[in-house]
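What follows is each chain in one-letter form.
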Amino acid sequence: MKYRTKLVLAFLALAVATSALLYSGSARASKRAITEQIRSAVLSIAITAADAVDGELHERIRTEADMSTPAYREIERDLRRVRDANRRDDLHVAFIYTMRKVSGSPDVWAYVVDAEEDGEDKSATGEEMTWEDQYTEEDEPLVLGAAYAEREFTRDEYGYWLSANAPVRDAAGEPVAMLGVDISADHVIAQQRALARAGLVALGVAIVAGAFLSLLLARWAARPLAVISGVVRKIGDGHLEARVEGSPKGEF
């Protein structure tokens with residue numbers, strides 16, 4: 001293999017490796033930044049909404065029959081205001097609801113107030129929920145009194161989601177329930193994929209540019225050696241008067 005070819009391959013390999021490392025690092029950083037931004041936003045919504053719920057009023061709601069009471073309707077109305085105010089292009093709150101632990105079942109919770117309009121998606125008071133398949137091993141379990149947002153987006157048959165929870169407190173400041181906020185993260189995933197595609201395009205451009213520059217650098221580095229090699233061949237053929245034109249100092 002010619003020396004110049006070796007230089008081209010070496011420069012090209014360096015350019016590809018550098019570009020790939022930069023792309024990988026920037027992709028991870030942008031994904032992490034977007035996720036943390038969304039986590040912070042949805043957690044803020046959950047905490048703000050939970051603080052607005054009257055804990056004493058919330059405690060009056062115990063059975064499905066209570067869904068027709070003024071207490072239920074008032075909290076339902078307040079939750080819908082929060083939900084509708086946060087249905088934006090950049091952050092879409094799909095569901096907002098309150099829940100309390102089922103007595104004697106530490107991992108089972110039951111809906112109390114669901115802001116969803118009447119229909120198949122609305123959960124009734126007392127309807128149990130479990131966290132099966134919702135949290136990964138890195139996620140923390142839902143704890144009464146502790147505000148928390150999922151670390152990663154979850155996916156089901158309906159799309160991508162991210163949830164946050166915050167405590168609902170009574171007049172004494174004691175947690176009596178948890179408020180949950182589920183955001184539809186499909187637009188966030190689409191944004192991440194768009195950034196990834198843009199990064200791949202940039203990576204491709206960088207590789208093409210690197211190949212072109214590698215060829216130029218290899219030609220520039222090998223040209224003096226080609227001149228010296230030509231002189232050496234002339235001397236080998238008996239032309240002892242052959243000399244290297246210019247100043248080859250430092251070429252080797």
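As shown above, the structure is provided for reference.
Residues numbered from 1 in each chain as written. Predicted model: local features only at pLDDT ≥ 70, side-chain atom pairs only at ≥ 80, totals over all residues. Heavy atoms only, no water.

Engineer: What exactly am I supposed to notice about the overall build of the protein here?
Structural biologist: Of the regular secondary structure elements, the protein holds four helices and seven strands. Taken from N to C terminus, the helices and strands of the protein fall in the order α-α-α-β-β-β-β-β-β-β-α. By the burial criterion, 36% of the 252 residues in the protein qualify as buried. A separation of at least 24 residues holds for 59% of the contacts in the protein among residues at least 6 apart in sequence. Accessible area of the protein: about 15300 Å², with a carbon and sulfur share of 56%. (Helix = DSSP H or I, 4+ residues; strand = E, 2+ residues; numbered from the N terminus. Buried < 20%, exposed > 50% of the residue type's maximum accessible area, 1.4 Å probe, protein only. Contact = heavy atoms within 4.5 Å. Areas by Shrake-Rupley, 256 points an atom, 1.4 Å probe, with all protein chains shown as cover.)

Engineer: Help me out: how do you make sense of the environment of V143 in this one?
Structural biologist: Among the structural elements, V143 can be located in the loop between β3 (128–129) and β4 (148–149). Taking the relative accessible area as the measure of exposure, V143 reaches 42% and is therefore partly exposed.

Engineer: Explain the side chain of R100 here, please?
Structural biologist: Tracing the backbone through its elements, the reader meets R100 in strand β1 (residues 92–102). Of the polar contacts made by the side chain of R100, one reaches the backbone oxygen of H58; its length is 3.3 Å. Polar side-chain contacts of R100 include one of 3.4 Å to the side chain of E59. Contact partners of R100, with chain neighbours within four places excluded, come to H58, E59, I61, R62, W109, A110, V112, V176 and A177. (Polar contact = N/O pair within 3.5 Å; in protein donor to acceptor, adjacent residues only side chain to side chain.)

Engineer: Any chance you could explain the packing of aromatic side chains here in plain terms?
Structural biologist: Any two aromatic rings considered together are summarised by their centre-to-centre distance and by the angle between their planes. Evaluation of the coordinates by the stated rule reveals two aromatic pairs. Summarising the aromatic geometry, the rings of Y97 and Y111 are spaced 5.5 Å apart at their centres and angled 70° between planes, so their arrangement reads as edge-to-face. Here Y97 is found in strand β1, whereas its partner Y111 is found in strand β2 (residues 105–114), with 14 residues between them in sequence. Note on Y97: relative accessible area 5%, which makes it buried. Given a relative accessible area of 17%, Y111 falls into the buried group. (Phe/Tyr/Trp six-rings, centres within 6.5 Å; stacked < 30°, edge-to-face > 60°.)

Engineer: Sorry, what's going on with the nonpolar core here?
Structural biologist: Note on soluble globular proteins: their nonpolar side chains tend to be buried together. Ranked by internal contacts, the top residues of the largest apolar core, which has 35 residues, are L79, L179, V181 and I183. Elements represented by at least two residues in this core include exactly α1 (3–52), α3 (70–85), β1, β2, β6 (159–169) and β7 (175–184). The element best represented in this core is α1, accounting for seven residues. With near-sequence residues (within four places) excluded, I183 lies in contact with I38, V42, L91, H92, V93, A94, Y160, W161 and L162. In terms of nonpolar packing, the next biggest core, distinct from the first, is built from seven residues, Y97, W109, Y111 and M178 among them. (Core = buried A, V, L, I, M, F, W, Y, C linked by side-chain atoms within 4.5 Å.)

Engineer: Quick question: what am I supposed to make of the pairing of β6 here?
Structural biologist: Side chains on a regular strand alternate between the two faces of the sheet. Burial analysis of β6 places ten of its eleven residues in the buried class, the great majority of the element. Pairing of β4 with β6 involves two bridges; the strand directions are antiparallel. When the sheet's bridge partners are listed, A149 is paired in β6 with A164. Between strand β5 (residues 154–156) and β6, which pair antiparallel in sequence order, lie two residues. Note: β6 against β7, nine bridges, orientation antiparallel. When the sheet's bridge partners are listed, V168 is paired in β7 with A177. Two successive antiparallel strands, β6 and β7, enclose a turn made up of five residues, where G173 displays a positive phi of approximately 85°. (Pairing = 2+ DSSP bridges.)

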